[in-house]
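# Structural features, examined
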Amino acid sequence: MPDNTAPLWEHRLSDFSDTVAREPMPGCGAVAVVSADLGLALVLKGLHLSQRHDTTALRQALIDEGGSLKQRLAPLAQEDVAAFEAFIAAVGRHEEDEGRQSALHAAAATAVEVPLKTAQLCAAALALTQQAEEHIEQQFISDAHAGARLIHASLHSVLLNVDANAKQLGSDAARGKARLSRDDLSQRADALLTAITG
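Here's what I pulled together on the structure shown here. (Residues numbered from 1 in each chain as written. Predicted model: local features only at pLDDT ≥ 70, side-chain atom pairs only at ≥ 80, totals over all residues. Heavy atoms only, no water.)

### Considerations on the overall build of the protein
Of regular secondary structure, the protein possesses seven helices and zero strands. Helices (α) and strands (β) of the protein occur, in sequence order from the N terminus, as α-α-α-α-α-α-α. Expressed as lengths along the three principal axes of its C-alpha atoms, the size of the protein is roughly 65 × 45 × 25 Å. When burial is assessed residue by residue, the protein has 43% of its 198 residues classed as buried. Counted over contacts in the protein with a minimum sequence separation of 6, partners at least 24 positions apart contribute 74%. A total of about 10400 Å² of accessible surface is found on the protein, and carbon and sulfur atoms cover 54% of it. Of note, the protein has its 17 positive side-chain charges centred 2 Å away from the centre of its 26 negative side-chain charges. (Helix = DSSP H or I, 4+ residues; strand = E, 2+ residues; numbered from the N terminus. Buried < 20%, exposed > 50% of the residue type's maximum accessible area, 1.4 Å probe, protein only. Contact = heavy atoms within 4.5 Å. Areas by Shrake-Rupley, 256 points an atom, 1.4 Å probe, with all protein chains shown as cover. Lys, Arg positive; Asp, Glu negative; His and termini not counted. Charge placed at Lys NZ, Arg CZ, Asp CG, Glu CD.)

In structure tokens form, the structure reads like this:
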């Protein structure tokens, strides 16, 4: 039986998968973070194994940058769960509760902010992959390309949360800003994937 109180990264992979299949949380945002993390791991695999054969300062700089991205990306899985739970709690408040609307707007802002942060880091991971290609030995390029596709899919998956939650933001300006950020990240990711795999 999975321990749903434990941080997501402490779950066994099989337990995490079973929980995703049966429970409301973790949802698509947290799954997207985990998938993007694994995608980035595949890119880093190509860099690390190439570095073992031929050490270069440029490759090491890319490895360090990729490691930093992984460290910043991983906590967003738990943040996504917390954001969604807060959003559901705000939605569940009584209609006549005078604080309900402001709580809903605040929860929606976080439920948009977290996936946008995730998508930004995914875009940065794709940019890193594009830079890394010429520093990855040919036998590991398929890993890097698979990683890029996972990161790209994760970015688009997490943007679905922006689409769903931006409607509850407190102003037209906030909704418009979220949509612009969402569209920019989507287009940037598509261009990067084409550059990497095309």
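### Side note on the nonpolar core
Considering soluble globular proteins, one finds that nonpolar side chains tend to be buried as a cluster. In this structure, L40, L47, V112, L126, I136, I151 and L155 are the most contacted members of the largest nonpolar core, which totals 55 residues. Elements with a contribution of two residues or more to this core: α2 (28–53), α3 (57–73), α4 (75–91), α5 (100–132), α6 (141–165) and α7 (172–197). With 15 residues, α5 is the single largest residue contributor to this core. Not counting chain neighbours up to four residues away, the residues in contact with I151 comprise A36, G39, L40, V43, C122, A125, L126 and T129. (Core = buried A, V, L, I, M, F, W, Y, C linked by side-chain atoms within 4.5 Å.)

### Considering the environment of R179
Within the element layout of this structure, R179 appears in helix α7. Considering only alpha carbons, one finds R179 and K167, 12 residues apart in sequence, at a separation of 10.0 Å.

### As for the packing of α6 against α7
Two numbers describe how α6 lies on α7: the axes approach to 10 Å, and their chain directions differ by 165°. Relative to α7, α6 is oriented roughly antiparallel. α7 is crossed by α6, and the crossing has left-handed handedness. Between α6, through H145, A148, R149, H152, L155, H156, L159, V162 and D163, and α7, the contact on the second element is made entirely by A178, R182, L185, S186, A189, D190, L193, I196 and T197. (Axes fitted to C-alpha atoms, helices over the stretch in contact; angles between N-to-C directions. Parallel < 35°, antiparallel > 145°, perpendicular 65-115°, else oblique. Left-handed = near helix turned anticlockwise from the far one by under 90°.)

### Considering the packing of α2 against α5
Direction vectors running N to C along α2 and α5 enclose 20°, while the axes themselves pass 11 Å from each other. Between α2 and α5, the angle falls in the class roughly parallel. Crossing geometry of α2 relative to α5 is assigned as left-handed. Every residue of α5 that contacts α2 at V33, A36, L40, V43 and L47 is listed here: T118, C122, A125, L128, T129 and A132.

### Here we look at the pattern of salt bridges
Counting across every chain of the model gives 10 salt bridges. K70 is the salt-bridge partner of D37, the closest N and O atoms lying 2.8 Å from each other. Highlighted residues: D37 in helix α2 and K70 in helix α3, separated in sequence by 33 residues. Under the relative-accessibility criterion, D37 is labelled buried at 8%. Overall, K70 belongs to the partly exposed group, its relative accessible area being 23%. Its salt-bridge partner being R93, residue D97 comes within 2.9 Å of it at the nearest N-O pair. Among the residues examined, D97 registers a relative accessible area of 28% and is labelled partly exposed. Look at R93 and you get partly exposed, because its relative accessible area is 33%. Here the salt bridges share partners, and the residues they tie into one network are D163, R182 and D183. (Salt bridge = Lys/Arg side-chain N within 4 Å of Asp/Glu carboxyl O.)

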